[in-house]
Amino acid sequence: MDRTIAITGGGAGIGRATALHFHALGWRVAALDKDADALAELAALLPKDRCLPLRCDVGQEAPVTRAFDRIGEWLDGDPLTALVNNAGIADPCCGPLEDLELAEWQRWIDASLTAAFLCTRAALPLLRRADGASVTNISSTRALMSEPDTFAYAAAKGGLDALTHAMAVSLGPEVRVNAVLPGWIETGPWQKQGERTDPDHSKAARAQHPAGRVGTPEDVADAIEWLVGAGFVTGQRIVVDGGMTVKMIYAA
Ligand code: NAD
């Protein structure tokens, strides 16, 4: 039987790379994104019967319910084997704390943390049909360390890490739940047309990474693939950052 993966934020960046990665492995892909153009570009790259593009704001309850109902119809009794909660606002900077409006704060929390709750809850009946089902939450090394003025993003990702272990102990043994914490991932070539950019990293940017380079969306997709197949791994955080967060930096 074909395996199926659902990926939020599947239209661009890490989500798009993950959709193409799993398609190449023979999986069917349901991609949820609020950006219709990005979704249409992804869908144009894949055979119609292998990809279900769904326009959906994954931070909102009713659209998420509708999207997973549609995925259920598409599956027609088959299981959903994997869910990747990847959607998020890529820019972590929200400005000084004094100026941060509640509505702005909520935007980051909804796109990452609330979305992971809503999508996992909606996906559960479909995941429970599968042997070896899993959820992978795309967190960030910013759950572990911060730059100034990144409060909402850091809190959303820290919350996502806690949600990961809380769900792992509650949804097992049927469903494993893990998190990937990417570091600096260059997504320029993985954006929709008109927003695509070529990577251009300084020597200092590369040297900040013991691995000698900035990360790619494929690096994250590789980690997701490993976690999806790792039957005895649940509740874990896998840092995918080329060693950036273990490199000690002394001021000169
Ligand atoms: P991206 O902006 O390239 O792609 C994100 C996609 O998610 C876009 O297509 C966007 O339309 C979609 N999206 C955003 N909010 C949504 C919502 N509410 N509903 C539906 N779709 C929504 O971003 P990316 O860099 O690929 O980031 C993907 C994930 O990885 C995010 O959760 C981000 O926080 C995390 N991450 C990225 C990096 C990095 O360096 N790129 C590092 C650490 C973590």
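Everything here concerns the structure above.
Since the structure is predicted, the reported quantities are computational estimates derived from the model, not experimental observations.

Asker: Quick one: what's the story with the nonpolar core, residue by residue and with numbers?
Answerer: Ranked by size, the top nonpolar core spans 34 residues in total, and within it Leu 32, Phe 68 and Ile 71 carry the most contacts. Going through the elements one at a time, strand S2 (28-33), strand S3 (51-55), helix H3 (61-75), helix H4 (102-127), strand S5 (133-138), helix H5 (151-171) and strand S6 (175-182) are the ones with two or more residues in this core. Ranked by the residues each element gives to this core, the list is headed by H4, at eight residues. Look past the residues within four positions of Leu 32 in its chain and what remains in contact with it is Ala 6, Ile 7, Thr 8, Gly 9, Gly 10, Leu 54, Cys 56, Val 58, Ala 67, Phe 68 and Ile 71.

Asker: Give me the lowdown on the layout of surface pockets, citing residues and values where you can.
Answerer: Taken as a whole, the largest pocket spans an internal volume of roughly 1400 Å³. Along the wall of the largest pocket there are 47 residues; nearest its centre are Ile 14, Gly 88, Ile 89, Ala 90 and Tyr 153. A breakdown of the residues in the lining of the largest pocket according to their chemical character gives 19 nonpolar, 16 polar and twelve charged.

Asker: Describe a nonpolar patch on the surface, naming the residues involved and giving the relevant values.
Answerer: A cluster of nonpolar side chains, namely Leu 144, Met 145 and Val 239, defines an oily patch on the protein surface of about 250 Å² accessible area. In this structure, Leu 144 sits in the loop between S5 and H5. Owing to a relative accessible area of 42%, Leu 144 belongs among the partly exposed residues under this scheme.

Asker: Give me the packing of H3 against H4: which residues, what numbers.
Answerer: Closest axis-to-axis distance for the H3/H4 pair is 9 Å, and the angle between their directions is 25°. When the axis of H3 is compared with that of H4, the two are roughly parallel. In the packing of H3 onto H4, the handedness of the crossing is right-handed. Mapping the contact onto sequence places Glu 61, Val 64, Phe 68, Ile 71, Gly 72 and Leu 75 in H3 and Leu 118, Cys 119, Arg 121, Ala 122, Ala 123 and Leu 126 in H4. Here the residues of the contact of H3 with H4 sort into nine nonpolar, one polar and two charged.

Asker: Now, about the site of the ligand: what can you tell me, with residues and values included?
Answerer: Surrounding the ligand, one finds 25 residues, the nearest of these being Ile 14, Asp 33, Asn 86, Tyr 153 and Gln 191. Residue Ile 14 places a main-chain N or O atom 2.7 Å away from an oxygen atom belonging to the ligand. Within the backbone of Cys 56, one N or O atom sits 3.4 Å away from a nitrogen atom of the ligand. If you map the ligand onto the pockets, it falls in the largest pocket.

Asker: I'd like a rundown of the environment of Ala 31, residues and numbers included.
Answerer: Along the chain, Ala 31 turns up in strand S2. Accessibility expressed as a relative area gives 0% for Ala 31, which makes it buried. The sequence separation of Ala 31 and Phe 68 amounts to 37 residues, and the corresponding C-alpha distance is 11 Å. Discounting chain neighbours no more than four positions away, the residues touching Ala 31 are Ile 7, Gly 10, Leu 39, Leu 42, Leu 52, Pro 53 and Leu 54.

Asker: Explain H3 to me, using residue names and the numbers behind them.
Answerer: Given a rise of 1.5 Å per residue, 15 residues ought to cover 21 Å, and the 21 Å separating the end C-alpha atoms of H3 matches this to within 8%. Burial in H3 covers these residues: Val 64, Ala 67, Phe 68, Ile 71, Gly 72, Trp 74 and Leu 75. Around the axis of H3, the buried residues are gathered within 160° of arc, so they sit on the same side. Relative to its buried face, H3 has exposed residues pointing more than 90 degrees away, namely Arg 66 and Glu 73. Just beyond H3, the residue with positive phi is Asp 76, at close to 50°.

Asker: Which residues make up the packing of aromatic side chains, and what values do they have?
Answerer: This model, assessed by the stated rule, comprises one aromatic pair. Centre to centre, the rings of Phe 22 and Trp 27 are 5.2 Å apart; their planes meet at 90°, and the pair counts as edge-to-face. Residue Phe 22 is classed as buried on the basis of its relative accessible area, which comes to 0%. According to the relative accessible area criterion, Trp 27 is buried, its value standing at 3%. Seen from the ring of Trp 74, Arg 28 lies directly overhead, with NZ or CZ sitting 4.9 Å from the centre. Positioned above the aromatic ring of Trp 108 is the side chain of Arg 107, whose terminal nitrogen or guanidinium carbon lies 5.1 Å from the ring centre.

The rules behind each value
Every chain is numbered on its own, with residues counted from 1 as its sequence reads. In view of the model being predicted, local features appear only for residues whose pLDDT reaches at least 70, and side-chain atom pairs are presented and counted only at 80 or more, with totals across whole chains, interfaces and linings using the full set of residues. Just so you know, side-chain values use all the structure's heavy atoms and leave hydrogens and water out. Nonpolar core, defined: a set of buried Ala, Val, Leu, Ile, Met, Phe, Trp, Tyr and Cys residues in which side-chain atoms within 4.5 Å join the residues together. Type-normalised accessible area, obtained with a 1.4 Å probe on protein chains alone, sets the label of each residue: buried when under 20%, exposed when over 50%, and partly exposed for intermediate values. Counting from the N terminus, the helices are DSSP H or I runs at least four residues long and the strands are E runs at least two residues long. Any pair of residues with heavy atoms lying within 4.5 Å of one another is described as a contacting pair. Grid points spaced at 1 Å over the protein atoms alone were grouped into cavities, where a 1.4 Å probe fits but cannot get out, and pockets, open sets with protein on both sides within 12 Å along at least five of seven lines, with lining residues defined by an atom within 4 Å of a point. Grid points are joined across faces, edges and corners, and a volume is the space filled by probe spheres set on the points. All amino acids are sorted into three groups, where Ala, Val, Leu, Ile, Met, Phe, Trp, Tyr, Cys and Pro are nonpolar, Asp, Glu, Lys and Arg are charged, and the leftover types, Gly among them, are polar. Two distance rules govern patches: like charges are joined within 9 Å, and nonpolar side chains (Val, Leu, Ile, Met, Phe, Trp, Tyr) within 5 Å, applied only to residues with over 30% relative accessible area and no salt bridge. Computed with the Shrake-Rupley method and a 1.4 Å probe, the accessible areas treat only the protein chains shown as cover for residues. Salt bridges are counted wherever a side-chain nitrogen of Lys or Arg sits within 4 Å of a carboxyl oxygen of Asp or Glu. All axes are obtained by fitting lines to C-alpha atoms, using only the stretch in contact for helices, and the reported angles, taken between N-to-C directions, cover 0 to 180 degrees. Note on angle classes: values under 35 degrees are labelled roughly parallel, values over 145 roughly antiparallel, values of 65 to 115 roughly perpendicular, and the remainder oblique. Left-handed describes a crossing in which the near helix is turned anticlockwise from the far one by less than a right angle; the clockwise case is right-handed. In this text, near means that some heavy atom of the residue lies within 4 Å of the molecule or strand in question. Distance and chemistry together define a polar contact, namely a pair of N or O atoms within 3.5 Å, with one atom able to donate a hydrogen and the other to accept it when in protein, and with adjacent residues in sequence counting only for side-chain atoms on both sides. Assignment to a cavity or pocket requires that more than half of a molecule's atoms be within 2 Å of the site's grid points. Here the expected span of a helix is defined as 1.5 Å times the quantity of residues minus one. The arc in question is the one spanned by the directions pointing from the helix axis to the C-beta atoms. Two aromatic rings from Phe, Tyr or Trp, using only the six-membered ring of Trp, form a pair when their centres are within 6.5 Å; if the ring planes differ by under 30 degrees the pair is stacked, by over 60 it is edge-to-face, and anything between is tilted. The rule is short: NZ of Lys or CZ of Arg within 6 Å of the ring centre and within 35 degrees of the ring normal puts a charge over the ring.

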